[in-house]
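The chain contents come next:
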Amino acid sequence: MKANISVDHIARIEGHGNVHVVIEGDEVKTVQMEVVEPARLFESMVRGRSFTEVSYISSRICGICSASHTVTDLLAIERVFGVEVTDRTNALRELLVYGSYLQNHGTHLYVLAAPDFLGLKSVFPVEQIAPELFDGALALKQLGNELCTAVGGRSIHPITAVVGGFTHEIVRDEYLAFAERMEAMIPFALQTVDVFNSFEVPAMQTTGDLLAMYAPDKYAVCDSRTLRFVDAGVDFDADQWTDHIEEYAVPHSGALFARERSAQRNYMTSALARINVSWDKLCKQAKVAAAKAGLRPPERNPFLNNVAQAVEIVDALERCAILCRRLAAGEFEGSSAPAPFKVRAGRGTGYTEAPRGVVLHELELDDDGRVVHASIATPTSQNVANLEDDMRQLAEMLVAEGVDEPTIRLRIEELVRAYDPCLSCSVH
Amino acid sequence: MGAFSLITDAEARVPRVVVVGLASCFGCQLQITNAEEHLMEILGQIDVRYWQLVTSEDGVEDFDVAIIEGAVTTRESEETCKFLRAHAAHVMAIGACACTGGVTGMASDYLGARTDLVYDGEAPDACGEMIEPRPVSAVIDVDSEVRCCPIDPYDFVAALQRALYGSNRLPEPRTMCADCKRNETECFFEQGVLCLGLVTQAACGARCVNLGRPCNGCAGMSSAANLEAARLSCETYGVPVESFDKALEMFNQVKLTDSETL
């Protein structure tokens, strides 16, 4: 077989990327995921800006992960200033991050990924084929948007989240109404797990390591500082991230690539990585759904990131319903009004699990709280090297099976979409 | 703004629309899909010919309306804009990046030093041939704009409706302060806190201020903005003028850089 597979501006992903695969005979010669996103140079933009503006600027790295970038930046600044926030503020931040999970996973699974498995070019025909799924998907996405709006003031690029707390909060009855809507959405989320689990995917295992947040007692997404490399068996604090993660530039990508520093091994960070690290801490219904779908650690098939995201939707709904009820009942200590703090110089790293995986913001501030240095690592920039490895593996597998060129092309596109890349985020 | 004409006058057909993203966070495109309840009603009135974010249909050359998100930051995207202008009867810029350069436009100052800082030298080839970030209107004529970062989905719906069916509504250059007066919200300046409502185009109903946060100017400067008077106000309220000028860069850097060089 001789094939030169090129997909320019691969569709239904966030941002601009080209796929380039050259096959000669039985051999896969070249595999490239070209990230052709324009450089926006955020690390330079935040330089010299006050801590009051930083999260507002860096949230613009990404429309869909804006809540994650905001919270990550606030955590970095609070680490520098030594700000202790209340339990209530932490609960609200978790709610904000989970709101973006519902938005992201709902949009990714139904609008971006599902058409692949249904043999469609976009989600719109689903309205005719399976109106119940279509309406459910929109309702799920809408719930995520409304949750982000309620907590952050806007569906994307939150307004109310500031250093030390929140400038605004919704009232008790609104929390209760959200809790009810979350619970009512769970049956559709469970159906989503079944739907995505029913799609046939190539049997493959990623060769890279897996990286995700670890906490001893919960499925943590924004309140632990510990990162875990699953295979390497290494845990480390976010402040030490550059000791363990190496970023490097390649000509075909506007995004810096990343690998595990000591072993020089590529890795994946994603919902799938989180499931591998924290499976045992999923909420009850999410765990049952995962078990029923056969998704349990160790699970290394990157295509199953779709199922992992579906399980996380169930988990997020259960968790947010509980959070909302507890917020309504005033169970969390303290107020969400911004805690007082003193501006001081220093360096600190904020870390959260964005919907697509590990996001790190390292900030150095001067005595006036202005940024001297910033370094930002997004999930997709960490994933691209590993994605290329998986694309090669998949292409080799399909060539060996004698699959035709259009099918190889489609499967590779599906793999890219299963990673849920955010290329605009990766070139920040 | 181009000459006013009705898209639907041209031919009796469903208006053909393309949505194109340049340098941006993709958030404004997402906001279109965030009009969930009305999404299918909107899509039912148009024929979406190209929208990389949501469909794998191939690109096309026949369309009536081009919706552009993002700032122009490369020679390639400049060409894209010209191509869209040459084929579309109506070009709509959506979001701060497309309308004013937005946060992306912050890099228009000292661009070379910035790529050095982020990439230790030149940006990779994949980033394209980089130019100072600029709004779409700096490259081609734009017929309509939806301002703010991000756009409000319903503002977009209203703008699309005006593009498709026409409107005799004129642009209103009033600044955001007028909206706060209308809302009877407490003024940040009275607490000695800087707010950009003084010079920012009113477009959002003072969303941030209503939630306890000063205006960051995402709608861009109003054509009626009086910078000198605003600086005087800062002095009156004990807010450092430098912090006003600095804050203004966040969404208006391109305009500020241009006015310096003029």
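Only a predicted model underlies this, so the values are computations on that prediction, with no experimental measurement involved. (Residues numbered from 1 in each chain as written. Chains lettered and ligands numbered in written order. Predicted model: local features only at pLDDT ≥ 70, side-chain atom pairs only at ≥ 80, totals over all residues.)

Undergrad: Where do I start with the nonpolar core in this structure?
TA: As a rule of thumb, nonpolar side chains are buried together in soluble globular proteins. Formed by 221 residues in total, the largest nonpolar core has its most connected members in Val311, Cys320 and Ala395 of chain A together with Ile68 and Ile94 of chain B. Built from parts of two domains, this core gets at least three residues from each of domain 1 (7-165) and domain 2 (176-261) of chain B. The residues contacting valine 311 of chain A, other than those within four sequence positions of it, are Val193, Ile275, Ala286, Ala289, Ala290 and Leu295 of chain A. (Core = buried A, V, L, I, M, F, W, Y, C linked by C-beta atoms within 7 Å. Buried ≥ 20, exposed ≤ 12 C-beta atoms within 10 Å, placed from the backbone. Domains from an automatic or database assignment. Contact = placed C-beta atoms within 7 Å.)

Undergrad: What am I meant to see in the domain arrangement of chain B here?
TA: When the parts of a complex come together, some accessible area is lost, and that lost area is often used as the size of the interface. Residues and elements named next belong to chain B. Segmenting chain B into domains produces domain 1 (7-165) and domain 2 (176-261). Here the C-alpha centre of domain 2 lies 26 Å away from the C-alpha centre of domain 1. Of the residues lining the interface, 17 residues belong to domain 1; the matching set on domain 2 comes to 14 residues. Secondary structure elements with two or more residues in the side of domain 1 that touches domain 2: helix H5 (95-100) and strand S6 (130-134). Sorting elements by how many residues they give to the side of domain 1 that touches domain 2 places H5 first, with three residues. Split into classes, the residues belonging to the side of domain 1 that touches domain 2 amount to eight nonpolar, five polar and four charged. (Helix = DSSP H or I, 4+ residues; strand = E, 2+ residues; numbered from the N terminus. Nonpolar A, V, L, I, M, F, W, Y, C, P; charged D, E, K, R; others polar.)

Undergrad: So what exactly am I meant to see when it comes to the sheet that holds strand S2 (residues 17-24) of chain A here?
TA: What holds strands together in a sheet is hydrogen bonding between their backbones, with the strands either parallel or antiparallel. Residues and elements named next belong to chain A. Ordered in space as S1-S2-S3, the three strands form an open sheet in which the pairing is antiparallel. Both outer strands of the open sheet, strand S1 (2-7) and strand S3 (27-35), are each paired with one neighbouring strand and no more. Across the sheet, the mean angle from the axis of one strand to that of its neighbour is 5°, orientation sign disregarded. Where S2 and S3 come together, eight bridges link them in antiparallel fashion. Across the sheet, the residue bridging to glycine 17 is valine 35, located in S3. Sheet strands in contact with helix H12 (residues 379-400) are S2 and S3, and its direction is about 145° off that of S3. Strands in contact with helix H13 (residues 405-418) are S1 and S2; relative to S1, the strand with the most contacts, it is inclined by about 40°. (Pairing = 2+ DSSP bridges. Axes fitted to C-alpha atoms, helices over the stretch in contact; angles between N-to-C directions.)

Undergrad: I'm lost on the interface of chain B and chain A in this one. Help?
TA: Counting from both sides, the interface comprises 46 residues of chain B and, opposite them, 50 residues of chain A. Every element with two or more residues in the side of chain B that touches chain A is listed here: helix H2 (27-33), helix H3 (36-43), strand S4 (72-74), helix H6 (111-119) and helix H9 (207-210) of chain B. Considered class by class, the residues forming the side of chain B that touches chain A number 24 nonpolar, 16 polar and six charged.

Undergrad: How do you make sense of the pairing of strand S12 (residues 346-354) of chain A when you look at a structure like this?
TA: Successive residues of a regular strand alternate their side chains across the two faces of the sheet. Residue and element names in this part refer to chain A. In terms of strand pairing, S12 meets strand S13 (residues 357-365) through nine bridges, oriented antiparallel. When the sheet's bridge partners are listed, arginine 347 is paired in S13 with glutamate 364. Connecting S12 to the next strand, S13, in antiparallel fashion are two residues.

Undergrad: Explain the sheet that holds strand S1 (residues 16-21) of chain B to me, please; I cannot follow it from the model alone.
TA: Residues and elements named next belong to chain B. Reading across from one edge, S2-S1-S3-S5-S7 is the order of the five strands in this open sheet, with parallel pairing throughout. Both edges of this open sheet fall to strand S2 (47-51) and strand S7 (144-146), since each of them pairs with a single strand only. Each strand axis lies, on average, 20° off the axis of its neighbour in the sheet, ignoring direction. Alignment of S1 against strand S3 (residues 65-69), held across five bridges, turns out to be parallel. Within the sheet, the bridge partner assigned to glycine 21 lies in S3 and is glutamate 69. In the packing of helix H4 (residues 75-87) onto the sheet, the strands contacted are S1, S3 and strand S5 (90-94), and the crossing angle to S3 comes to about 155°.

Undergrad: Is there a simple way to explain the environment of methionine 106 of chain B in this structure?
TA: All names here are of chain B. Within the fold, methionine 106 resides in the loop between H5 and H6. C-beta crowding within 10 Å serves as the criterion here: with 25 such atoms nearby, methionine 106 is assigned to the buried category. Separated by 146 residues in the primary sequence, methionine 106 and asparagine 252 place their C-alpha atoms 7.7 Å from one another.

Undergrad: Help me understand the environment of valine 230 of chain A, please; the structure alone is not making it clear to me.
TA: Residue and element names in this part refer to chain A. Its place among the elements puts valine 230 in the loop between strand S7 (226-229) and strand S8 (234-237). According to the C-beta neighbour criterion, valine 230 is partly exposed, with 19 such atoms within 10 Å. Separated by 46 residues in sequence, valine 230 and asparagine 276 place their C-alpha atoms 7.8 Å apart. Excluding anything up to four places from it in sequence, valine 230 contacts Asp209, Leu210, Asn276 and Val277.

Undergrad: What is the right way to look at the packing of helix H6 (residues 131-152) of chain A against helix H7 (residues 172-198) of chain A in this model?
TA: Between two packed helices, both the angle of their axes relative to each other and the distance between the axes serve to describe the pair. All names here are of chain A. Close contact between H6 and H7 brings their axes to 11 Å; oriented N to C, the two are set at 155°. When the interaxial angle is binned, H6 and H7 end up roughly antiparallel. Remark: the crossing between H6 and H7 carries left-handed chirality. Contacts between H6 and H7 involve Gly136, Leu140, Leu143, Leu147 and Ala150 from the former and Glu174, Phe178, Arg181, Met185 and Phe188 from the latter. Classifying every residue of the contact of H6 with H7 by side-chain character gives seven nonpolar, one polar and two charged. (Parallel < 35°, antiparallel > 145°, perpendicular 65-115°, else oblique. Left-handed = near helix turned anticlockwise from the far one by under 90°.)

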